[in-house]
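So the chains spell out like this:
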Amino acid sequence: TRDIKVVQTSCGLHHTVFVTKANQLYSCGFNDNGQLGHSDTKTRNVPCLVTHGQLSGGAVKYAVCGYYHTIVLKTNGDVYSFGRNDKGQLGIKTQSGVA
């Protein structure tokens, strides 16, 4: 809608994320590895607000996409990663993706 002001975007291979002026995260695109941050693998053809876990509530400062993953910086300095992790790109010990 026109009420949502996007201040930052990033694109992966087949997905895109948007950070709004209200510090909310929206995402859309192919989601086979959970790279959209919705804690599922459902593809979304239009931008949808991410409301899962610690990413809800309007506290996202910046987001960046890799091929099949996304990294998010919150306003409090916390970092979250989700999506494919077969090469350790999420910065976590497990090889499965996490949101």
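In what follows, the structure referred to is the one given above.
Cut-offs used in this document
- Within each chain, residue numbers correspond to sequence positions counted from 1 in written order.
- A pLDDT threshold of at least 70 governs which residues receive local features in this predicted model, and a stricter bar of 80 or more applies before side-chain atom pairs are shown or counted, although totals over entire chains, interfaces and linings include all residues.
- In computing side-chain properties, one takes all heavy atoms of the structure into account and sets aside hydrogens as well as water.
- In short, DSSP must find at least two bridges between two strands for them to pair.
- Think of it this way: any DSSP run of H or I at least four residues long counts as a helix, any run of E at least two long counts as a strand, and we number them from the N terminus.
- Every angle, taken between N-to-C directions, lies between 0 and 180 degrees, and every axis is a line fitted to C-alpha atoms, over only the stretch in contact when it is a helix.
- Only protein chains enter the calculation, and the probe is 1.4 Å; a residue is then buried if its accessible area is under 20% of its type maximum, exposed if over 50%, and partly exposed in between.
- Whenever two N or O atoms come within 3.5 Å, that pair is a polar contact, provided that in protein one can donate a hydrogen and the other can accept it, and provided that, for residues adjacent in sequence, both atoms are side-chain atoms.
- We call two residues in contact when some of their heavy atoms are within 4.5 Å.

Colleague: Describe the sheet that holds strand β2 (residues 15–20), and please don't skip the residues or the numbers.
Modeller: One open sheet holds the 4 strands; their spatial order is β1-β2-β3-β4, and the pairing between them is antiparallel. Where the open sheet ends on each side, the last strands, each with one partner, are β1 (6–11) and β4 (44–49). Within the sheet, the average angular offset between the axes of one strand and its neighbour, ignoring direction, is 15°. With 5 bridges connecting them, β2 and strand β3 (residues 25–29) associate as antiparallel partners. Bridge assignment links V19 to a residue of β3, and that residue is L25.

Colleague: I'd like a description of the sheet that holds strand β7 (residues 79–83), backed by residues and values.
Modeller: With antiparallel pairing, the 3 strands of this open sheet are ordered in space as β5-β6-β7. Looking along the sheet, the strands with just one partner apiece sit at the ends: β5 (60–65) and β7. Sheet twist, expressed as the average angle between the axes of neighbouring strands with direction ignored, equals 20°. Note that β5 and strand β6 (residues 69–74) share 5 bridges and pair antiparallel. Paired with V60 across the strands is K74, a residue of β6.

Colleague: I'd like to hear about the side chain of S27, residue by residue, with values.
Modeller: In this fold, S27 is placed in strand β3. Judged by relative accessible area, which is 0%, S27 ranks as buried. For S27, the side chain forms a polar contact with the side chain of H38, separated by 2.9 Å. Discounting chain neighbours no more than four positions away, the residues touching S27 are T16, V17, L36, H38, V46, P47, C48 and V50.

Colleague: A description of unusual backbone geometry should follow, citing residues and the corresponding values.
Modeller: Despite not being glycine, N23 shows a phi value in the positive range, around 60°. Relative to the helices and strands, N23 resides in the loop between β2 and β3.

Colleague: Describe in detail the side chain of N31, supporting the description with residues and values.
Modeller: Looking at the secondary structure, you find N31 in the loop between β3 and β4. Using a relative accessible area of 0% as the deciding quantity, one classes N31 as buried. Of note is the side chain of N31, whose polar atom sits 3.0 Å from the backbone oxygen of D40. With sequence-adjacent residues up to four places away left out, N31 is seen in contact with L36, D40, T41, K42, T43 and R44.

From the geometry alone we can't say anything about function, so treat these as descriptive.
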